[in-house]
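# Observations on the three-dimensional arrangement
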Amino acid sequence: MTWEVVIGLETHAQLQTKSKIFSGASTAFGAEPNRQACAVDIALPGVLPVLNREAVVCAIKFGLAIGAEIAPRSIFARKNYFYPDLPKGYQISQFEIPVVSGGGLTITVGAGETAYEKFVHLTRAHLEEDAGKSLHEDFHGKTGIDLNRAGTPLLEIVTEPDMCSSTEAVAYAKALHSLVTWIGICDGNMQEGSFRCDANVSVRRPGAPLGTRREIKNLNSFRFLQQAIDYEIQWQINEIEEGRKIQQATVLFDPDTGETRSMRSKEDAHDYRYFPDPDLLPLEIKADWIAEVKAGLPELPQAMQARFQSDYGLSAYDAATLAVTRSSAQFFEETVNVAGKENAKACANWVMGELAARLNRDEKDISASPIAAAQLAGMVKRIADGTLSSKLAKEVFEALWSGEGQDADAIIEARGLKQVSDASAIEPIIDEVLAANPKSVEEFRAGKDKAFNALVGQIMKATKGKANPQQVNELLKRKLS
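Below is a summary of the structure that appears in this document. (Residues numbered from 1 in each chain as written. Predicted model: local features only at pLDDT ≥ 70, side-chain atom pairs only at ≥ 80, totals over all residues. Heavy atoms only, no water.)

We now examine the nonpolar core. Formed by 107 residues in total, the largest nonpolar core has its most connected members in F62, L127, I157, Y172 and M379. Ranked by the residues each element gives to this core, the list is headed by helix 2 (residues 166-182), at nine residues. Beyond its immediate sequence surroundings of up to four residues, Y172 is in contact with L9, T11, L105, I107, V120, L122, I157, T159 and M163. V433, L434, V441 and V456 belong to the second-largest nonpolar core, a separate cluster that totals 12 residues. (Core = buried A, V, L, I, M, F, W, Y, C linked by side-chain atoms within 4.5 Å. Buried < 20%, exposed > 50% of the residue type's maximum accessible area, 1.4 Å probe, protein only. Helix = DSSP H or I, 4+ residues; strand = E, 2+ residues; numbered from the N terminus. Contact = heavy atoms within 4.5 Å.)

Right, let's get into the layout of surface pockets. By volume, the second largest pocket is sized at about 1,600 Å³. Those elements that place two or more of their residues in the lining of the second largest pocket are strand 7 (104-109), strand 8 (116-129), helix 2, helix 3 (222-241), helix 5 (301-312), helix 6 (316-322) and helix 7 (326-339). Ranked by residue count, the leading element in the lining of the second largest pocket is helix 2, at 10 residues. Partitioning the lining of the second largest pocket into residue classes produces 24 nonpolar, 21 polar and five charged. (1 Å grid on protein atoms, 1.4 Å probe; cavity = no way out; pocket = protein on both sides within 12 Å on 5 of 7 lines; lining within 4 Å. Points joined across faces, edges and corners; volume = space filled by probe spheres on them. Nonpolar A, V, L, I, M, F, W, Y, C, P; charged D, E, K, R; others polar.)

Before going further, it helps to examine the packing of helix 7 against helix 8 (residues 344-361). Here helix 7 crosses helix 8 at 140 degrees, and the two axes come no closer than 9 Å. Judged on the interaxial angle alone, helix 8 and helix 7 are oblique. The way helix 7 lies across helix 8 gives a crossing that is right-handed. Packed against helix 7, whose contacting residues are F331, F332, T335, V336 and A339, the element helix 8 presents A344, C347, A348, V351 and L355 at the interface. Taken together, the residues of the contact of helix 7 with helix 8 sort by class into nine nonpolar, one polar and no charged. (Axes fitted to C-alpha atoms, helices over the stretch in contact; angles between N-to-C directions. Parallel < 35°, antiparallel > 145°, perpendicular 65-115°, else oblique. Left-handed = near helix turned anticlockwise from the far one by under 90°.)

Before going further, it helps to examine helix 8. Between the first and last C-alpha of helix 8 there are 25 Å, a value that for 18 residues agrees with the 26 Å anticipated at 1.5 Å per step. Largest kink in helix 8: about 40 degrees, centred on L355. Lining the buried residues of helix 8 we find helix 5, helix 6, helix 7, helix 9 (373-384) and helix 10 (390-401). E363 sits one or two positions beyond helix 8 and adopts a positive phi of about 55 degrees. (Expected span 1.5 Å × (residues − 1). Bend = angle between axes of the 7 residues up to and from the residue.)

In this structure, N349 sits in helix 8. Residue N349 is classed as partly exposed on the basis of its relative accessible area, which comes to 38%. Spatially, the C-alpha atoms of N349 and G8 are 36 Å apart, while their sequence positions differ by 341 residues.

Here the focus is the packing of helix 8 against helix 9. Closest axis-to-axis distance for the helix 8/helix 9 pair is 10 Å, and the angle between their directions is 120 degrees. Classified by the angle between their axes, helix 8 and helix 9 sit oblique to one another. Helix 8 and helix 9 meet at a crossing whose hand is right-handed. Across the interface between the two elements, A346, C347, W350, V351 and L355 of helix 8 pack against L376, M379, V380 and I383 of helix 9. Across the contact of helix 8 with helix 9, the residue classes tally to nine nonpolar, no polar and no charged.

In structure tokens, the structure reads:
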């Protein structure tokens, strides 16, 4: 029998504030253990939390970006549980009234003809503080506690159980990652734990009630997210088919084995004994504050993709690829502004193709590209006006990448790469190639098209790739006919 998979994601996005959510301690990554944990973070007696305004601004930005409702009044609560890296014995979070409710994200699943769009509904997004970190290595069999991360501001983003495959879950996680980095509320560094996902997974027979879910914690890469969900789905199906019941639990994914393993039985909300934090006033957000934040929001990814299609004639795929990150979208648009709208498709091809490949190979972000947008645009213009052939453009690209020239024109001039489009200069070379390759001429006249391509190759070789390929084709056809 077939099975239906039901998946919901909870994502913790670390907010890009300089200080923590309830204290003035730094949020910078990489400090020595316990160097960025102040009296508030380690819960010394008598200390009081003070809410970081910038963390609230980040939450408002996110709510506006997903079309959600921003609560005019929300409440902070204490989530009570014991763990060594939780100094207070409770975590300050939001429960009954979160700052953001509803909204959602439209995701594109797959690519090509099989791609489809899906709207993932969000339940809520609420502000909370992060816990510290337990260190289990290099302590001679003991565990160390680092409280640098304690109190770091988080936005926990919770979906409805709308996804039905690991592919959809990954597509959603990537879209969410793109959005929070795009609007500047999270740096998205998954290796440092700035963006991590928990996946709630259950299976059921078609038409049956929802199955018992198990939560996979702290997945910090898209690859691990997909692997963990796929393993968990198959594990749950096997358990049920063998007559065993699924027990609600929190599980961890082991990348080395590709398996999930139970960590503890899953708690419900009442187990945490939530109650309003008496040290914090309700958070009030007025309409004029929301309007002020909205005025500062950048153009959002979907709006930019639509504009790229309407203004530059790009395909939906090209527009989506270029707008994966705000920096790549800005680089493309800066290139087009110099090269001209008529060359938008060529600019897109170079940004998505050669430039993206080199950046990926050298592990660079496009914001650190050795080739500036104006330099790439200059090269595209020379291809468009016939000065430079597409083949020799790669040589110019390499020179720009290595910093050998300031612009394409200087490199073309210095290396003698100007494309030859003068028929009087090309015709004698064609005559020489025809005279030297009578067999290819006979084969072409006998109907073998490959012979024509062989002759073109010989001509291009004789001109060191400088002859205009279109002109070579036209002149060669005329002579052979």
